[in-house]
Amino acid sequence: MSNIEIDAPGTTQLLLGNEAIARGALEAGIGFATAYPGTPSSEIMATLAPIAKKMGIYAEWSINEMVAFEAASAASLSNIRALSSMKANGVNVITDFLVNLQMTGIKKGLVLVVCDDPGGMTSSNEQDTRPIAKWLNIPLLEPSTAQECKDMTKWAFELSEELGMVCMVRSVTYLSHTRGNVRFGRLPEETKKAHFADFYDIDDPQQSKYTCGMQFHPYKQSEVLLKRFSKAQGHCEGSPFNSYNGPNTPDLIIFTSGICWTYATEAVKILNLQDRVGIVKLGTTWPLPEEFVTRHLERSNKVLFIEEISPLVEQSVMELAASLPADRPRPTFYGKRSGHVRAWGEQDLNLVIQSIATVMGTSYRSRQSSNAEYQSTLKEVAKTLPARPLTFCPGCAHRASFWAIKIALQLDGRNGFVTGDIGCTAMGMISPGSFQVRTYYAMGGGVGIANGFGHLNQFGFSQPVIAVCGDSTFFHASIPGLINGVWNKSNFTLTILDNSATAMTGFQPHPGTGITATGETGKKVSIEAICRSLGVSVQVCDPFDLTDTVNTLLKVMRNEGNATVVILRRECELVRARRERKKPYKMYVDSSRCIGEECGCNRICTRVFSCPGLVWDRDAGKAVIDEAVCEGCGLCAEVCPQGAILKEAL
Amino acid sequence: MMDNASKELYEEVIESGLCTLCGGCTGFCPYFVIHEGRIVRLHQCKITGGQCYQYCPRTPTDMNAISRHIFGIPYGEYEIGIAKEVFLARSTDPEIHQKAQDGGVVTSLLSVALTEGMIDGAVETKLDDEKVPHGFIARNREELLECARVSYEPSPVLEAINHLPKENSEKFGFVGLPCHVASLSKMKVSPPTNRANIENVKLAIGLFCGWTLSHGFHQFLQERFNLSKAIKFDIPHHPAHSFDVYTKSETQSVDLDEITPFINKACSYCIDMTAEFADISVGSGRTMFKGWNTVIIRTKAGAEMLEVAKSRRAIETQPIPAESLKNLKRASLSKKKRSLQNIISMTGGVDDLLYLGISQNLISKLLE
């Protein structure tokens, strides 16, 4: 972990983009920080939380993004600068509140940091959050480097305060998770005093600025919002984060922002087109600095837009160009609309080189792609690399849970299925989860969609429905779905795979763990107490007791006409292993009993059960334990039909 | 066909409604299990040439090969199969008599075989507390008596054999329905290599069978009766028309017409009423000889068993009246003809008889 809290102006540190954002917030003098874990955003809170106390900041992992952002807003309305960070999906969760907060405006700087995931490497989709900023008139800043992550976050607080509205800083995976040099600025030394002012002006209630005082005439507030936002234009116009680099009259001018600016800069250099191609770097992508953009549009009759996911800059600049007087030059636009830039996924250097080369009509072949020897070596090497599909960790309780769910559904025989949710449990879709998850949308979506399936019986639907969520997902968004199901007597089983950790994003605590972000003891919230309070049948099983779990699931699936809850509880193996630092069992294979590929087994352990700790010895034709990987959980001993896998308590 | 395995077994037998729930495919591998009257395929197995397919009594079965293996001659139409001797018999042991379904011959024979060391255990069907049948290996007289009653539900008897570890070298007697004996016979014709030696099954006793009751029958019973109190199930012969459930204190009956919808459809494609590949086949003495068994001795091993049992005075016998034998043969032949017709109406012609591998000559004869 980097030492981001030192007060040493002028010194330089190598920081992750997310750490730089945290440092920027410190330099802006925040007093309040909230977040819900979500890759690639999690390191921001993970950086702030351990130093929060020392820096006089309140920091929390919240139950979900909505509460996180709402809580941060309270600080802002009470004269304390506040930061709320989340991944792209989280912005969908806060949108309702955000729309309304825009109507009232804020007081002290409130910055929403969103880390998008182009390519959706660790997300359910590759949503671009920037259009939300445009849609809701939120000033949007896009850093390109670690230094800018810090500087723009700090500036975002100033801008937010100046305009009286929330500001958005948008990063992406590549930026958040890459280290770069960051030159530190000064840490402010001011005493913070929180007070919720202007709550109610007895002489002029219409002036009750920070509440929804105008709620009966929302259209009036829209006018106020637009006025407030129009001031943002001026601030963006003069911002040093917008710049141009290139010849005075280039053959091609590139408009780009964020991480794509680094690709474009490098691509132009590699193509040796510095004399012919200029680059406009936009740090403030919304609102567009219109004069700045117009000035540079006139430099060339060819314009190329390089950005990831949505064509936000492309569309905004084209809108602006369309509004210019008829006598102004009309360049040709190249980008996603014209098909010159890939419209989905992450950009990378090669893609950007191809886009520029195509528009410029130059041919480009990378040294790598034109080198036959390199290409053939690459193919040879690729052959030797084992496939590395996503999997549950060795010892993971979810593997046992999905194994039991699969067996229960097969035994039940009514074509039952699993509605899945976000988190580690999502891997129920693929091999390690026995391919059981059939729907997978959003946090809380598993139980939500199960509500509907569970009411289709009048149309002849008779399939059992098992909704699955993790413990953190339960708290985040599954509770309303469960209550709805209980209330309306929907027919499903909510199975909570409780591994007592927000495991997918890095073991952040949640209400069930009772530990707070800053490591203090909070109040522990019991999942079964919540469920039981609804008057619903709640069973708790250890998924490693496969027989009991299967029988319990079989029984509750027959409980037709009611929502039921099964909690499959076993601590995340990584958390247990870290704490106990020893394996529960030594596992080994009695090779005389292993019949492996023969009929009667067909390698059920390594082919179907497929725990990474079990490997197939091709030469011997037997299963073996990979002791470096095996966590010694003992589950595979239950699965081996020949009793060839043995466990010895340690 | 030699490459067929779990997928083909599932499609050709289980999904096609030919499965007799004998347990031939369960117990040996982790892919098939029996659960509440269904064979369930839990996971995908990618093996080719699976033993599940090979030993299923409803996958292609060369009846001639089995007959040659057991009797030394091809399979012919003998109404009740090859019979050295047919007679009536009953146990001389009052306790066995009281606990057995009919004459107690099966329990007596196995009891003698155990006592004499001819076998170490008997592979049988045992009903659990809820009267669900399971395969079970009885290794003493008490356990034999626990297996003396029938339930009319199919029992995965073969699962008990399939469960045996490879190194097991005990000798066994075996009691099963015709489908169980057919599967066992297929194992004997081409013995499995990676499990317990099938030649250790020294004596196969087959029970006469018209059909079994499955697919929801157990739930039907559960809803009507307190099964944990039941001690015997019976379908008394004509003119009675009922299914009787005995408890210690009373007998409750349901009309047979309520039961017949639960008859396993697969049984209507079976041509074997008397377990023709067994060493000894045993049925009830029917109404005329209540408390007696009809017994068919088919093989040398069967004849030897009979001699030992007689010499130990474990059973008493009497000749079967000609009329009764005629009725038995007529019933058996009628099932063959009916089932063959059912097979033909399922496949649409004599060119495809599903699992049944019998000679053209025999087909023509049965279709007369």
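Since the model is a prediction, treat every value here as computed from it, not as a measurement.

### Looking at the overall build of chain B
(1) Moving on: Counting secondary structure elements, chain B contains 13 helices and 15 strands.
(2) Moving on: Against the 2.2 N^0.38 benchmark of 21 Å for 368 residues, chain B shows a C-alpha radius of gyration of 19 Å, consistent with a compact globule.
(3) Moving on: Viewed in the frame of its principal axes, chain B has a C-alpha envelope of about 50 × 50 × 45 Å.
(4) Moving on: Each of the 368 residues in chain B was classed as buried or not, and the buried ones make up 56%.
(5) Moving on: Put simply, 68% of the contacts in chain B that link residues at least 6 apart link residues at least 24 apart.
(6) Moving on: For chain B, the accessible area works out to roughly 15800 Å², and carbon and sulfur atoms hold 50% of it.

### What to know about the overall build of chain A
(1) Moving on: Along chain A, the regular secondary structure elements total 22 helices and 24 strands.
(2) Moving on: For a compact globule of 650 residues, the expected C-alpha radius of gyration is about 26 Å, and chain A comes in at 28 Å, within 12% of that figure.
(3) Moving on: Reported as C-alpha extents along the three principal axes, the dimensions of chain A are approximately 85 × 80 × 60 Å.
(4) Moving on: Counting every position in chain A, which comprises 650 residues, the buried fraction comes to 54%.
(5) Moving on: In chain A, once contacts between residues fewer than 6 apart in sequence are set aside, the share between residues at least 24 apart is 78%.
(6) Moving on: Of the roughly 28100 Å² of accessible surface on chain A, a fraction of 52% belongs to carbon and sulfur atoms.
(7) Moving on: Treating the 63 positive side-chain charges of chain A as one cloud and the 65 negative ones as another, the clouds have centres 2 Å apart.

### Let's talk about the interface of chain A and chain B
(1) Moving on: Between chain A and chain B, the residue contacts involve 23 residues of the former and 20 residues of the latter.
(2) Moving on: Between chain A and chain B lies a buried interface of about 1600 Å² when both sides are counted; carbon and sulfur atoms form 56% of it.
(3) Moving on: Between R558 of chain A and E36 of chain B there is a salt bridge; the shortest N-O distance is 2.8 Å.
(4) Moving on: The interface formed by chain A and chain B contains twelve residue pairs in polar contact (both at pLDDT 80 or more).
(5) Moving on: Elements supplying a minimum of two residues to the side of chain A that touches chain B: α15 (397-412) and α21 (604-609) of chain A.
(6) Moving on: No other element matches α15 of chain A, which puts six residues into the side of chain A that touches chain B.

### Some details on the packing of helix α5 (residues 105-115) of chain B against helix α11 (residues 300-311) of chain B
Residue and element names in this part refer to chain B.
(1) Moving on: Interhelical geometry of α5 versus α11 gives an angle of 85 degrees and a closest axis separation of 10 Å. Accordingly, the angle class assigned to the pair α5 and α11 is roughly perpendicular. Contact residues: α5 offers L109, V112 and A113, while α11 offers M305, V308 and A309.

### Quick look at the sheet that holds strand β9 (residues 232-234) of chain B
All names here are of chain B.
(1) Moving on: Across the sheet, three strands lie side by side as β9-β10-β11; this open sheet has antiparallel pairing. Since the sheet does not close on itself, it has two edges, and those belong to β9 and β11 (251-255), each with one partner. Pairwise comparison of adjacent strand axes, ignoring direction, gives a mean angle of 15 degrees for this sheet.
(2) Moving on: In the sheet, β9 pairs with strand β10 (residues 242-246) via three bridges, with the strands oriented antiparallel. Each bridged residue has a counterpart across the sheet, and for F233 the counterpart in β10 is V245.

### Points about helix α13 (residues 360-367) of chain B
Residues and elements named next belong to chain B.
(1) Moving on: Along α13, the residues that are buried comprise L362, I363 and L366. Burial along α13 is one-sided: seen end-on, the buried residues are contained in an arc of 105 degrees. In α13, those exposed residues whose orientation departs by more than 90 degrees from the buried face are Q360 and N361.
(2) Moving on: Among the structural elements, α12 (322-347) are those in contact with the buried residues of α13.

### Quick look at the confidence of the model for chain B
(1) Moving on: In this model, chain B carries an average pLDDT of 94, and 100% of its residues clear a pLDDT of 70 or more.
(2) Moving on: Two numbers describe this predicted complex: its pTM, 0.92, and its ipTM, 0.91.

### Things to note about the pattern of salt bridges
All names here are of chain A.
(1) Moving on: With the rule as written, the count across this model stands at 44 salt bridges over all chains.
(2) Moving on: A salt bridge links E27 to K150, with the nearest nitrogen and oxygen atoms 2.9 Å apart. One end of the pair, E27, is in helix α1 (residues 17-27); the other, K150, is in helix α6 (residues 146-163), with 123 residues separating them in the sequence.
(3) Moving on: Close ionic contact of D251 with R276 constitutes a salt bridge, the shortest N to O distance being 2.7 Å. Of this pair, D251 sits in the loop between β9 (243-245) and β10 (252-257) while R276 sits in the loop between α9 (260-270) and β11 (277-282), and the two are 25 residues apart along the sequence.
(4) Moving on: Using a relative accessible area of 34% as the deciding quantity, one classes R276 as partly exposed.

### Focus on unusual backbone geometry
(1) Moving on: Going from T39 of chain A to P40 of chain A, the amide bond is cis rather than trans, its omega being 10 degrees.
(2) Moving on: Its location among the elements puts P40 of chain A in the loop between β2 (32-35) and α2 (43-55).
(3) Moving on: The step from W286 of chain A to P287 of chain A runs through a cis peptide bond, and the omega angle for that step is 0 degrees.
(4) Moving on: Unlike most non-glycine residues, F435 of chain A shows phi in positive territory, near 55 degrees.
(5) Moving on: Residue placement: F435 of chain A occurs in the loop between β15 (417-420) and β16 (437-440).
(6) Moving on: By relative accessible area, which is 47% here, F435 of chain A ends up partly exposed.
(7) Moving on: Phi is positive for A275 of chain B, close to 55 degrees, though the residue is something other than glycine.
(8) Moving on: Within the secondary structure, A275 of chain B is located in the loop between α10 (256-259) and β12 (280-284).
(9) Moving on: The exposure class of A275 of chain B is buried, given its relative accessible area of 0%.

### A look at the packing of aromatic side chains
(1) Moving on: Here the structure, examined in full by the defined rule, presents 20 aromatic pairs over all chains.
(2) Moving on: Relative to Y58 of chain A, the ring of F32 of chain A lies with its centre 5.0 Å away and its plane at 40 degrees, an arrangement referred to as tilted. In this pair, F32 of chain A sits in strand β2 while Y58 of chain A sits in strand β3 (residues 58-61), placing the two residues 26 residues apart along the sequence.
(3) Moving on: Y58 of chain A gets classed as partly exposed once you look at its relative accessible area, which sits at 40%.
(4) Moving on: Ring centres 6.4 Å apart and planes at 25 degrees place the aromatic pair F229 of chain A and W286 of chain A in the stacked group. With F229 of chain A in helix α8 (residues 218-237) and W286 of chain A in strand β12 (residues 284-286), this pair connects stretches of sequence that are 57 residues apart.
(5) Moving on: Three or more aromatic residues joined by ring pairs make a cluster, and in this case those are Y152, F217, F220, F233, F243 and F262 of chain B.
(6) Moving on: Directly above the aromatic system of Y355 of chain B lies the positively charged group of R58 of chain B, at a separation of 4.4 Å from the ring centroid.

### Looking at the nonpolar core
Soluble, globular proteins show a tendency: their nonpolar side chains are buried together.
All names here are of chain A.
(1) Moving on: Counting residues in hydrophobic clusters, the biggest one holds 92 residues, and the most contacted among them are F69, L83, L112, I254, L304 and I356.
(2) Moving on: Of the residues forming this core, the biggest block, eight residues, is contributed by α6.
(3) Moving on: Each of domain 1 (12-230) and domain 2 (242-360) gives at least three residues to this core.
(4) Moving on: When near neighbours in sequence (up to four residues on either side) are disregarded, L112 contacts F69, S84, M86, I94, L98, V166, C167, M168 and V169.

Basis of the calculations
Residues numbered from 1 in each chain as written. Chains lettered and ligands numbered in written order. Predicted model: local features only at pLDDT ≥ 70, side-chain atom pairs only at ≥ 80, totals over all residues. Heavy atoms only, no water. Helix = DSSP H or I, 4+ residues; strand = E, 2+ residues; numbered from the N terminus. Rg over C-alpha atoms; globule rule 2.2 N^0.38 Å. Buried < 20%, exposed > 50% of the residue type's maximum accessible area, 1.4 Å probe, protein only. Contact = heavy atoms within 4.5 Å. Areas by Shrake-Rupley, 256 points an atom, 1.4 Å probe, with all protein chains shown as cover. Lys, Arg positive; Asp, Glu negative; His and termini not counted. Charge placed at Lys NZ, Arg CZ, Asp CG, Glu CD. Buried area = accessible area lost by both parts, 1.4 Å probe. Salt bridge = Lys/Arg side-chain N within 4 Å of Asp/Glu carboxyl O. Polar contact = N/O pair within 3.5 Å; in protein donor to acceptor, adjacent residues only side chain to side chain. Axes fitted to C-alpha atoms, helices over the stretch in contact; angles between N-to-C directions. Parallel < 35°, antiparallel > 145°, perpendicular 65-115°, else oblique. Pairing = 2+ DSSP bridges. Arc of directions from axis to C-beta. pLDDT = per-residue confidence, 0-100. Phe/Tyr/Trp six-rings, centres within 6.5 Å; stacked < 30°, edge-to-face > 60°. Lys NZ or Arg CZ within 6 Å of the ring centre and 35° of its normal. Core = buried A, V, L, I, M, F, W, Y, C linked by side-chain atoms within 4.5 Å. Domains from an automatic or database assignment.

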